[in-house]
Amino acid sequence: MTPPRKRQVRLIVSLTLAVLLASGLIYTSFSAASPALTPSQLLRQGRAGTDIQLTGTVVNHSVVDRANGAVDFELADRTGGGPAVEVDYSGSVPPTFEAGRELIVTGELKGRTFVAQPSSMVTKCPSKYSAAPSTT
Amino acid sequence: MTALIAALLIGALLGFVLWALSAPFRARGSATQPGDSDARRALESAKQSKYSEIRDNETDYRTGKLSDEDYRALDRQLRAEAVEILRAIDELDASIPAASD
Amino acid sequence: MAFAGRVALVLALAVCAYGITAALYGGRKGRRDWVDSGRRSVYCLAAILTVAMVILEIAFIRNDFSYNTVANTSSTTTPLLYRAAAMWSSQEGSLLLWVWLLSIWASVATFITRNRLRDIVPYATSVLLGFGAFFTTLLVFFDSPFAQTHPAPVQGAGLDPLLRNPSMLIHPPMLYSGYTFFTIPFAFAVGALVVRRVDADWIRVTRRFALASWLFLGIGIVLGARWSYYELGWGGYWGWDPVENAALMPWLISTAFLHSVMIQEKRGMLKIWNASLVLAASTLAIVGTFLVRSGVLNSIHAFGASTLGIPFVALIAAMTGGSIYLVVSRRDVLRSEHSLDSLFSREAAFLLNNVVLVGLCFVVFWGTFFPLISKAVTGTSAAVGPPWFDRYTVPLALILVLLSGIGPAIAWRRASLANARRNFRLPLAAAVLMAVAACTVVPISSSIGVVLLFSAAAFVCASVGQEFWRGWRARRATSSDSPLVALASMVRRNRRRYGGYIVHIGIAVLFIGVAASSTFQHEQTLSLRVGQSTRVGAYTMRYIRATGSVVADPNHTGATMTLGAVLRVTRGGHYVGTLRPSAGYYPAAQIVPGLVVASLISGDAVDQIGLQSSWRRDLWAAIKPLGATLPANGTQLPEERLVNLADGTISPTLSATQQLQTAFVELGLIVAHYIKFPPAASFTLIASPLVMWIWIGGLIVFLGGLTAIWPAPSALRSRLRARYLARVAQELGRA
């Protein structure tokens, strides 16, 4: 095989391999992904599934302590107003957890309550990058 | 008081900027030096790279990554390429005095 | 003074606009004076922005709350060092820091190229000033750091306690230095492509800047991981969070560029690769800057929805479109001078390296943006988690580590089989030995990945060690230097090569730490009363007693109250160490009348991790003193009952200062009570092997990068040059 031909073959082989691998990757990502929903979306769609990523803001006055540091609270959409969903949470609670804080928690919807996987809570850094500062 | 400092600061900044940006237009007669020419710099860089390659080749040989024949063949080729570059530099240096007459 | 700051920003924008025009005009018309004026605009920009930065920093240090940004991010109770750092914790402050760093690096680049690359410099200067113009436009018209409110508020909101940590002081400037540095190779790549000149001189200049960007970004990433480990209460250092990924992607691409540019330098190959890689790395750096502030993806960092999303997307689109256009329209100039001689060569190894790194970047990119992709495709936003990332990045990382051991030992152009056998015998033996050793220590069925990685790391260390040994021996054979001097001069004569080898070792060490700590970690979250203990892996941790303090903040971060615990760790009955985790409580933004004591401690709480690190393992503990939830805002307050009692006793007729003083006394009593009668507390306890090796590996990478980037002493250079000149001249005479 002449050198240019060899190069062409190499190129085609590597490109084909790349496309195959990329397709495999892309395919598995769709099946491995967990839906990321807001509370209003969750309640509206009533999604079943064990790995739902719920993002929202903790509703004021909704936090109730349980034994062993576990905590129940309500989560509403970040944009405010709209239905809130009850969340049962256990495991480690980040110290920044409080009412009004935005957070992400993973789990599943059981009935009307969202049961979170233990220690799956991620609280967001308090927003300092908003253009319009909030007044306290 | 702070207003005065602020005004002075702004004035100083403006003055500095105007002075700096206009300096190239005021300083005349800084024509290209033969040694500075872009083409020469490019050739110098090429020469440096070639020397690096020759050195690297030797290091590879000494650390056992090339056979004797491979090393000698490569070394010959690289030095020939270096010679070409040196020739080009000489040609460039020779042609400059003629151009500035 | 704020007015001066605003004027400075407008002046900066004007200077950028002028500079772009002057440089482009001078470039097109061949007028050196116009180009020089354009170049001087870069210096002027740096000067003006430095003044603006100083004005803003002074405002922070002096607690001038008339500045909105100072009021939003700092307070009188924030320690001085963190007050200064608060400047870049806001959007407007961070934008100013970004463009200031850009102007500094651009000035350095402009100075270094003052006598070189004459045809490229005008365009490179315009690109750099173009970035400057973009960011100063944002600062002047969209989000000014010099916006003021009159009358000024009395107290500021305070720096988020989560950010009051030494790592966080350096992390943003380091990351921003990395991101901004990427604009320089980008600018010179664009300039080179515009004038159709992609040669050795361009490489030499661009390479140093690309290496500096790579180094800064790498340090920023490691520091971020360290912060996550030491500060956040989850005990992890990498979570595949979008902002972590945002910094990783340009770093991966620039690693590819640094390797493959060596090939262009030596063999004139891979030019399209290199142009594309450097343009992609810089574009990804801007994407990273954008991701952190856009709120477009769910992340621990996504700072709410910012109004700057659209301008950034426009910039990224322009960079991407422009890059593609340039590479495609200049592909004749980017044609390779040579082709691959053999698949058994360093060139081939580097090419494979490129492919793997780009593949890794693609995986990270896909996973990071998947929520947006899935929303576009299926209508629902979905996220992939760390298991998905790990599944694809771990094998690719393994291949990468292996390649980093193959590369140093294989020759350029063509490696003969016999030689290859001689060079790989030792590394392979080391790998096999390590695999066997690892199998005896760990169960292979569950941790094949760890065994493979350990073997690959051994392979790399042996291969690189062999290179050092052989090079040193060769040097000793040709010179009379003492052993140590020979080693030093060997490295000095070829900093890039040996610096690179050191980096490879650092990466191998880092991955050893990552593999061991992620696979063999033991973790527990539970509540303990004093005297109770629990087992974490092979260790027993016992809650000995409670600790607490008021105001005498042991970590100097401005916490009003700190509550903690003393944990005694034993292993097999033998004392191993003591951990002292604590939780710091900070004041709320405003003191609420009638709830003075509560206000002193109901702001954000922060974990102070109790940590004992050793070569073999880390013992990590976080505490959350349990408490009832404050009805007012849902914070969990320890000793809430006592706090409410104390608040009830403070007479509202006292002055504000007297109320505060009484509140502190009450708080002291509450803390004393906590220490004497500690309730149960919630602990997260982790025993994790070889974590320290991650940081050590990072340090080695840094030292290797520093070695590689260190400029060779010019005297040495000219001596060598003279020697070689003589030899080549000799040949000339002979030929």
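What counts, and where the lines are drawn
Residues numbered from 1 in each chain as written. Chains lettered and ligands numbered in written order. Predicted model: local features only at pLDDT ≥ 70, side-chain atom pairs only at ≥ 80, totals over all residues. Heavy atoms only, no water. Helix = DSSP H or I, 4+ residues; strand = E, 2+ residues; numbered from the N terminus. Buried < 20%, exposed > 50% of the residue type's maximum accessible area, 1.4 Å probe, protein only. Contact = heavy atoms within 4.5 Å. Areas by Shrake-Rupley, 256 points an atom, 1.4 Å probe, with all protein chains shown as cover. Core = buried A, V, L, I, M, F, W, Y, C linked by side-chain atoms within 4.5 Å. Buried area = accessible area lost by both parts, 1.4 Å probe. Salt bridge = Lys/Arg side-chain N within 4 Å of Asp/Glu carboxyl O. Patch = residues over 30% accessible without salt bridge, like charges linked within 9 Å, V, L, I, M, F, W, Y side chains within 5 Å. Pairing = 2+ DSSP bridges. Axes fitted to C-alpha atoms, helices over the stretch in contact; angles between N-to-C directions. Parallel < 35°, antiparallel > 145°, perpendicular 65-115°, else oblique. Nonpolar A, V, L, I, M, F, W, Y, C, P; charged D, E, K, R; others polar. Phe/Tyr/Trp six-rings, centres within 6.5 Å; stacked < 30°, edge-to-face > 60°. Domains from an automatic or database assignment.

**Focus on the overall build of chain B**
Okay, step 1: The helix and strand tally for chain B stands at 3 helices and 0 strands.
Okay, step 2: In sequence order, chain B lays out its α and β elements as α-α-α.
Okay, step 3: Looking at chain B as a whole, 40% of its 101 residues qualify as buried.
Okay, step 4: Taking as baseline every contact in chain B between residues at least 6 positions apart, the subset at least 24 positions apart corresponds to 64%.
Okay, step 5: Carbon and sulfur atoms make up 61% of the accessible area of chain B, which amounts to about 5600 Å² in all.

**Quick word on the nonpolar core**
All names here are of chain C.
Okay, step 1: Within the largest apolar cluster, 140 residues are counted, with the highest numbers of intra-cluster contacts made by F188 and F312.
Okay, step 2: In terms of residue count, the dominant contributor to this core is helix α2 (residues 32–61) (12 residues).
Okay, step 3: Counting residues in hydrophobic clusters, the runner-up holds 36 residues, among them L563, Y585, V597 and V671.

**Describing the interface of chain C and chain B**
Okay, step 1: Across the contact, 61 residues belong to chain C and 48 residues belong to chain B.
Okay, step 2: Together chain C and chain B conceal approximately 4800 Å² of surface at their shared face, both sides included; 59% is due to carbon and sulfur atoms.
Okay, step 3: When the area that chain C buries against chain B is broken down by residue, the three leading residues are R413(C), Y724(C) and V728(C), summing to 12%.
Okay, step 4: For the interface between chain C and chain B, the tally reads 1 salt bridge.

**Observations concerning a nonpolar patch on the surface**
Okay, step 1: Among the surface-exposed residues, M1(B), L4(B), I5(B), L8(B) and M1(C) lie close enough to one another that they form a single nonpolar patch of about 550 Å² accessible area.
Okay, step 2: Position of M1(B) among the secondary structure elements: in the segment before α1 (2–26).
Okay, step 3: Note on M1(B): relative accessible area 74%, which makes it exposed.

**Remarks on the pairing of strand β6 (residues 102–110) of chain A**
Residue and element names in this part refer to chain A.
Okay, step 1: Of all 9 residues that make up β6, 7 are buried, and the element is covered over most of its length.
Okay, step 2: Across 6 bridges, the pairing between strand β2 (residues 52–58) and β6 is antiparallel. Counterpart to T57 in the pairing with β6 is E102.
Okay, step 3: Direction of pairing for β6 relative to strand β8 (residues 122–123): antiparallel, over a ladder of 2 bridges. Each residue of the ladder has a partner; that of I104, found in β8, is V122.

**Some thoughts on the sheet that holds strand β10 (residues 617–625) of chain C**
Residue and element names in this part refer to chain C.
Okay, step 1: Pairing is antiparallel across the open sheet formed by 4 strands, whose spatial order is β2-β13-β10-β9. Two strands close off the open sheet at either side, each with one partner strand: β2 (522–528) and β9 (610–613). Averaged over all pairs of adjacent strands, the angle between their axes in this sheet comes to 10°, without regard to strand direction.
Okay, step 2: Pairing of β10 with strand β13 (residues 681–689), which is carried by 9 bridges, proceeds in the antiparallel orientation. The residue of β13 that forms the bridge with A622 is T684.

**Focus on the packing of helix α5 (residues 91–112) of chain C against helix α8 (residues 183–194) of chain C**
Residues and elements named next belong to chain C.
Okay, step 1: It is at 10 Å that the axes of α5 and α8 come closest, and there the two elements cross at 55°. Comparing the axis directions of α5 and α8 gives the class oblique. Contact residues: W98, L102, W105, A106 and A109 in α5; T183, I184 and F188 in α8.
Okay, step 2: Of the residues belonging to the contact of α5 with α8, the class tally is 7 nonpolar, 1 polar and no charged.

**Observations concerning the packing of aromatic side chains**
The description of two aromatic rings rests on the distance between their centres and on the angle between their planes.
Residue and element names in this part refer to chain C.
Okay, step 1: Evaluation of the coordinates by the stated rule reveals 36 aromatic pairs over all chains.
Okay, step 2: Ring centres of W105 and F181 lie 4.6 Å apart, and the angle between their planes is 20°; this geometry places the pair in the stacked category. You can see W105 sitting in helix α5 and its partner F181 sitting in helix α7 (residues 166–181), a full 76 residues away along the chain. Accessibility classification places W105 together with F181 in one group, the buried group.
Okay, step 3: When the ring of F181 is compared with that of F216, the centres are 5.5 Å apart and the planes differ by 25°; the resulting orientation is stacked. Of this pair, F181 sits in helix α7 while F216 sits in helix α9 (residues 200–231), and the two are 35 residues apart along the sequence.
Okay, step 4: Here F181 falls in the buried class, since its relative accessible area comes to 7%.
Okay, step 5: Judged by its relative accessible area of 22%, F216 falls in the partly exposed class.

**A word on the packing of helix α16 (residues 448–478) of chain C against helix α17 (residues 483–493) of chain C**
Residues and elements named next belong to chain C.
Okay, step 1: Between α16 and α17, whose axes approach to 9 Å, the crossing angle comes to 110°. The orientation of α16 relative to α17 falls into the category roughly perpendicular. The segment α16 lies against α17, with F468, G471, W472, R475 and R476 engaging P483, A486, L487, S489, M490, V491 and R493.

**Observations concerning the pattern of salt bridges**
Okay, step 1: Tallied over the full model, the rule gives 11 salt bridges over all chains.
Okay, step 2: In the salt-bridge network here, residues are joined through shared partners; they are K50(B), E53(B) and E81(B).

**Points about the domain arrangement of chain A**
Okay, step 1: Segmenting chain A into domains produces domain 1 (1–33) and domain 2 (36–123).
Okay, step 2: For domain 1 of chain A and domain 2 of chain A, the distance between their C-alpha centres works out to 42 Å.

**Notes on the pairing of strand β5 (residues 85–89) of chain A**
Residue and element names in this part refer to chain A.
Okay, step 1: The two faces of β5 differ: V85, V87 and Y89 on one face are buried, but E86 and D88 on the other face are not.
Okay, step 2: By the bridge criterion, 5 bridges tie strand β4 (residues 71–76) to β5 in an arrangement that is antiparallel. Bridge pairing in β5 places E74 opposite E86.
Okay, step 3: Across 3 bridges, the pairing between β5 and strand β7 (residues 113–116) is parallel.

**Topic: unusual backbone geometry**
Residue and element names in this part refer to chain C.
Okay, step 1: A cis amide bond links H150 with the next residue in sequence, P151, at an omega value of 0°.
Okay, step 2: Within the secondary structure, P151 sits in the loop between α6 (121–142) and α7.
Okay, step 3: Positive phi values are uncommon outside glycine, yet W240 reaches one of about 55°.
Okay, step 4: Here W240 is to be found in the loop between α9 and α10 (242–267).
Okay, step 5: Phi is positive for L690, close to 60°, though the residue is something other than glycine.
Okay, step 6: Within the element layout of this structure, L690 appears in the loop between β13 and α22 (692–709).
Okay, step 7: In this structure L690 comes out as buried when scored by relative accessible area, which is 19%.

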